[in-house]
Amino acid sequence: MTSADLLPHLEAAGLTVGAARMTPLTGGVSSDISLVESSSGTLVVKAALEKLRVKDDWFADVSRNRVEQDFFDFAAPIIPAHVPRILGRGEGWFAMEYLGEMPNWKTKLLSGDADESTAKLAGDVLGRLHAASWLDDTARTRFNTLPNFHALRIEPYLLKTAERVPEAAPILLAEAARLAGTQLALVHGDYSPKNLLVGPQRLIVLDAECAWFGDPAFDTAFMLTHLHLKALLHRDAIHLVSGFWSAYSTACGHDLEERTVQLLLCLVLARVHGKSPVEYLSDAQRGGITRFVLAHLSQPPSLETLTAAFDQNLISP
């Protein structure tokens, strides 16, 4: 269903009144997202794509749109100030509140704005979500979505990278199997700067279509992957790692460091060789990242040691 096809459904649901204007929003690869304006107000509508907008063939079940809705419903009582309100929903789509001109955190990081308070808030929000859902049977049942997570994360990141970097394949394949067999807490699955809208002392979590009851270390590693890579553009971003990690660890209350570091290395490598490569790295940086990961993957150090080594070997030169 295209965005334009949704207009009659929005009107039937009472979400628009009279003539409505739909403006596509940019930035996503997995869904059509549009701003809808009518005499009844402004909202955002999201419909999942069967084929994602990336170079490789990457298909995923559009039922993930419902998974994202379920995530917001579950998270609302836990982090009410940090998720959008769902205004209406239908087959393969949902409408949510329009939050105004809030920038996403990726945009601010790419501009060199390395605000530690944002990193700490991002860590605190994620930690509270993981802590509240830890071994929760309701979440386990509701987010029994491993096939969806496999299609969106395990296959395109870990398994595809294992094909392309055979030296790392045994560890990547083992990590993929371990991930698939871990059930601890509700995982957002795409907890990254591009999916966090930020304002003064405010943070809104978006794009939860990968949500899955599994290993919360995936979320921490995913975010830390982005912070390390952003530091290759603006060095100050490397100082956000400790702020995010400290706030997260305090809020979560569980020790995930060892698994986080292992996954961090795997995901950094995947952002060079997987189906969703980072767009802002040079060939020299891609080569340096590959060598760095291969040098540490078999014996991952502590997060502090790894971040210092990343800074010394890939940023400071």
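About the cut-offs
- Residues numbered from 1 in each chain as written.
- Predicted model: local features only at pLDDT ≥ 70, side-chain atom pairs only at ≥ 80, totals over all residues.
- Heavy atoms only, no water.
- Helix = DSSP H or I, 4+ residues; strand = E, 2+ residues; numbered from the N terminus.
- Contact = heavy atoms within 4.5 Å.
- Phe/Tyr/Trp six-rings, centres within 6.5 Å; stacked < 30°, edge-to-face > 60°.
- Buried < 20%, exposed > 50% of the residue type's maximum accessible area, 1.4 Å probe, protein only.
- pLDDT = per-residue confidence, 0-100.
- 1 Å grid on protein atoms, 1.4 Å probe; cavity = no way out; pocket = protein on both sides within 12 Å on 5 of 7 lines; lining within 4 Å.
- Points joined across faces, edges and corners; volume = space filled by probe spheres on them.
- Nonpolar A, V, L, I, M, F, W, Y, C, P; charged D, E, K, R; others polar.

A. View of the side chain of Thr225. Looking at the secondary structure, you find Thr225 in helix H8 (residues 217-230). Residues in contact with Thr225, not counting those within four places in the same chain, are Leu264, Leu267, Val268 and Arg271.

B. Spatial organisation of the packing of aromatic side chains. If you walk through the whole model with that rule in mind, you get 10 aromatic pairs. Between Phe149 and Trp212, the aromatic rings sit 4.0 Å apart at their centres with planes inclined by 20°, giving stacked as the arrangement. Taken together, the residues Phe149 in helix H6 (residues 146-164) and Trp212 in strand E9 (residues 212-214) connect sequence positions 63 residues apart. Classification of Phe149 as buried rests on a relative accessible area of 0%. These aromatic residues form a ring-pair network of at least three members: Phe149, Tyr157, Trp212, Phe218 and Phe222.

C. The arrangement of the confidence of the model for the protein chain in detail. Residues of the protein chain with pLDDT of at least 70 account for 89%, and the chain-wide mean is 89. This model gives residues 52-61 a pLDDT under 50, and the stretch forms 34 contacts once residues within four places in sequence are excluded.

D. Summary view of the layout of surface pockets. Approximately 170 Å³ is the volume attributed to the second largest pocket. Lining the second largest pocket we find Ile238, His239, Val241, Ser242, Trp245, Glu257, Leu303, Glu304, Thr307 and Ala308. Within the residue set of the lining of the second largest pocket, elements represented by two or more residues are helix H9 (240-252) and helix H12 (303-315). Looking at which element gives the most residues to the lining of the second largest pocket, the answer is H12, with four residues. For the lining of the second largest pocket, a count of residues per class yields five nonpolar, three polar and two charged.

E. Geometry of the environment of Asp73. Within the element layout of this structure, Asp73 appears in helix H2 (residues 64-75). Looking at Asp73, the relative accessible area reads 29%, which means it is partly exposed. Spatially, the C-alpha atoms of Asp73 and Arg85 are 8.7 Å apart, while their sequence positions differ by 12 residues. When residues no more than four places from it in sequence are discounted, the contact partners of Asp73 are Arg66, Ile86, Arg89 and Arg142.

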